[in-house]
Amino acid sequence: MPPTTASTGSRPRRGEGQWALGYREPLNKNEENKKNDDGLNVQQRIIDIYSKAGFDSIDPADLRGRFRWLGLYTQRAPGIEGGKTAVLEPEELDDRYFMLRVRIDGGQLSVAQLRAIADISTTYARDTADITDRQNVQLHWIRIEDVPAIWEKLEAVGLSTMEACGDTPRVIMGCPVAGVDENEIIDATPQIRQIHDEYIGSPLFSNLPRKFKTTISGCSAFCTNHEIDDVALAGVVGPDGAPGFDLFVGGGLSTNPMFAQRLGAFVRPDQVSDVWAGVAGIFRDYGYRRLRHRARIKFLIKDWGAAKFREVLEKEYLGYALPDGPEIDMREGQQRDHIGVHRQRDGRNYVGFAARVGRIPGTGLARIADIAEEHGSDRIRTTADQKLVILDVADDRVDSIVSTLEAEDLRVRPSVFRRQTMACTGIEFCKLAIVETKDRGAELIDELERRLPDFPEPVTINLNGCPNSCARIQVADIGLKGQLVTDADGDQVEGFQVHLGGGMGLNPAFGRKVRGLKTTAAELPDYVERVLRRFLEQKDEGETFAA
Ligand code: SF4
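In this report, the structure presented in the accompanying data block is examined. This is a predicted model, so every value here is computed, not measured.

Before going further, it helps to spend a moment on the overall build of the protein chain. Summing up its helical and strand segments, the protein chain has 15 helices and 19 strands in all. Since a compact globule built from 547 residues should have a radius of gyration of about 24 Å, the 23 Å found for the protein chain is in line with a globular shape. Seen along its three principal axes, the alpha-carbon backbone of the protein chain occupies a region of about 65 × 60 × 50 Å. Considering only contacts in the protein chain between residues 6 or more positions apart, those separated by 24 or more positions represent 68%.

Pasting the structure below:
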């Protein structure tokens, strides 16, 4: 059943900009821009006008608004310090180059698709590429003149940048080893494809209150982190013994972090697309639009509660009731990342490996495509942890692929620090950043590997360049939030507020922000080393860092 359109009842005295309650007029600049013209329409203007007439021809409302619907952000002008981030006008922060986000739904790539991204990186993006923690690839230094040619190259291999950013349904995350994992509950690939094909780029959902993040996965390790997405369908065995999905709504980090609420409903595989569209429809129609910082679905479900949300979903959007369902079966201490060599259910193997903080140049991506092909694979996957996986490796090719990847500094058996450290884009390219993150994260990994070569515990260390949470600092064991701090000489320098003890899984918790727990960036390796050594000295038998 298609989602209903919003009703336009009489306007109540005060509200939060919910369309379904009659608040249809623009409520802020973002809403005004979206009302003036659908973000999807900017694609044709880029092809017909801006790519030909150049950067200066771009309408500011497109440049800083609608471009995002096609995965384009201006990157940060070089040389602007973090202290200027909040005080400069947007146009002063804008570079004339763009970040381009390629959406990779389910994290699924063929060799040809990875080669196309690598080719775009080396031809148009100065050999840059970052694997994100939402399974996308981000390229930098993109000129507006080159965007149509880039889109053609992507389209030729079935990829796109459609709704990779903006107030839209972003990439649909899925387990990188869907369909091959021995322990999988259900392969969600058909559901991801169906939603992608029916709704991505559709005007039905091209004007949401804000971004809308989805994960649909039957992974028994819950590797795509259903706890922190706007809508999540996580694999579970249903009441009649057949697999389906447990439905969660309203997860999100950044300011006011919240874990997703379980609605208690069982969703059959053939119902997933309707249920997803229903939740997206509720967000579109009842989501808060008046204040940008309250325009995520987590605020709506916090006010409504899970029971009312489910009732509205069933009565107004689906037209049928969903049965109650069992809870997902999470286990203590599950590693979610699929790193290493693992047996597939068809007898072959998948091989997960780690660069540092997701940064692999285009030439490196091309090399990975070659390595996959040389070892008989046509399937490469991105993970929710800025890592990659190659599927379908025969037993007699495993030793060769492992040694070949390791020789390229792509670790199949990484240290705990290489394996579990992530960093967001940071000040190198991000206009909101206060501090540098990518190089610092890579240096931190190298330092900790040198200082604590045998550190025995899994510990996640995530670095963000600002108070947002693109690298999930609140759910890391050690979360590092970029900000200016005062050093020993009394100078304002780049540094981090430290959050300790975050995590997901059986005992989800947001890291504690302890007053005074800050470090300068220069002292970061010393600081983290001290925290880790103290943990080893004081921990009880069997205690993990998160506990
Ligand atoms: Fe930019 Fe902040 Fe997100 Fe990092 S966390 S990518 S600095 S917005």
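In terms of nonpolar packing, the biggest core is built from 155 residues, with Ile117, Leu247, Val249, Val267, Val279 and Ile390 touching the most fellow members. Those residues within four positions of Leu247 in sequence are excluded, and the remaining contacts are Leu233, Leu263, Ala265, Val267 and Val275.

What follows covers the site of the ligand. Around the ligand sit Cys424, Thr425, Gly426, Cys430, Leu432, Ala433, Asn464, Gly465, Cys466, Asn468 and Cys470, and those are all the residues in its vicinity. Across the shell around the ligand, the residue classes tally to six nonpolar, five polar and no charged.

With that out of the way, let us pick up the sheet that holds strand E2 (residues 94–102). Pairing is antiparallel across the open sheet formed by four strands, whose spatial order is E1-E2-E5-E4. The outermost strands of the open sheet, each flanked by one partner alone, are strand E1 (72–76) and strand E4 (130–131). Bridge count between E4 and strand E5 (residues 137–142): two bridges; the pairing is antiparallel. Its bridge partner being in E5, Asp130 is matched across the sheet by Gln138.

A few words now on helix H5 (residues 111–124). In this model, H5 (14 residues) spans 20 Å end to end at C-alpha, consistent with the 20 Å of a helix rising 1.5 Å per residue. All of the buried residues along H5 are Gln113, Leu114, Arg115, Ala116, Ile117, Ala118, Ile120, Ser121 and Tyr124. Looking at the packing, one finds that the buried side of H5 touches E2, strand E3 (108–110), E5, helix H6 (147–156), helix H11 (362–374) and strand E13 (379–382). Downstream of H5 by one or two residues, Arg126 has phi in the positive range, about 50 degrees.

On to the pairing of strand E8 (residues 231–237), then. A large share of E8 lies buried, amounting to six of its seven residues. Relative to E8, strand E7 (residues 212–217) is paired through four bridges, and the arrangement is parallel. Note that in E8 the partner of Thr215 across the bridge is Ala232. Relative to strand E9 (residues 243–249), E8 is paired through seven bridges, and the arrangement is antiparallel.

Another aspect to go through is the sheet that holds strand E19 (residues 512–520). Backbone-to-backbone hydrogen bonds pair the strands of a sheet. The strands run either parallel or antiparallel. Strand order in the open sheet made by the five strands is E15-E16-E17-E18-E19, with mixed pairing throughout. Strands at the two margins of the open sheet, each flanked by one partner only, are strand E15 (421–423) and E19. Taken pair by pair, the neighbouring strands of this sheet meet at an average axis angle of 30 degrees, ignoring direction. Sheet analysis places strand E16 (residues 461–464) next to strand E17 (residues 478–486), joined by four bridges and oriented parallel.

Conventions we followed
- Residues numbered from 1 in each chain as written.
- Predicted model: local features only at pLDDT ≥ 70, side-chain atom pairs only at ≥ 80, totals over all residues.
- Helix = DSSP H or I, 4+ residues; strand = E, 2+ residues; numbered from the N terminus.
- Rg over C-alpha atoms; globule rule 2.2 N^0.38 Å.
- Contact = placed C-beta atoms within 7 Å.
- Core = buried A, V, L, I, M, F, W, Y, C linked by C-beta atoms within 7 Å.
- Buried ≥ 20, exposed ≤ 12 C-beta atoms within 10 Å, placed from the backbone.
- Near = placed C-beta within 6 Å.
- Nonpolar A, V, L, I, M, F, W, Y, C, P; charged D, E, K, R; others polar.
- Pairing = 2+ DSSP bridges.
- Expected span 1.5 Å × (residues − 1).
- Axes fitted to C-alpha atoms, helices over the stretch in contact; angles between N-to-C directions.

By themselves, these figures tell us nothing about what the structure is for.
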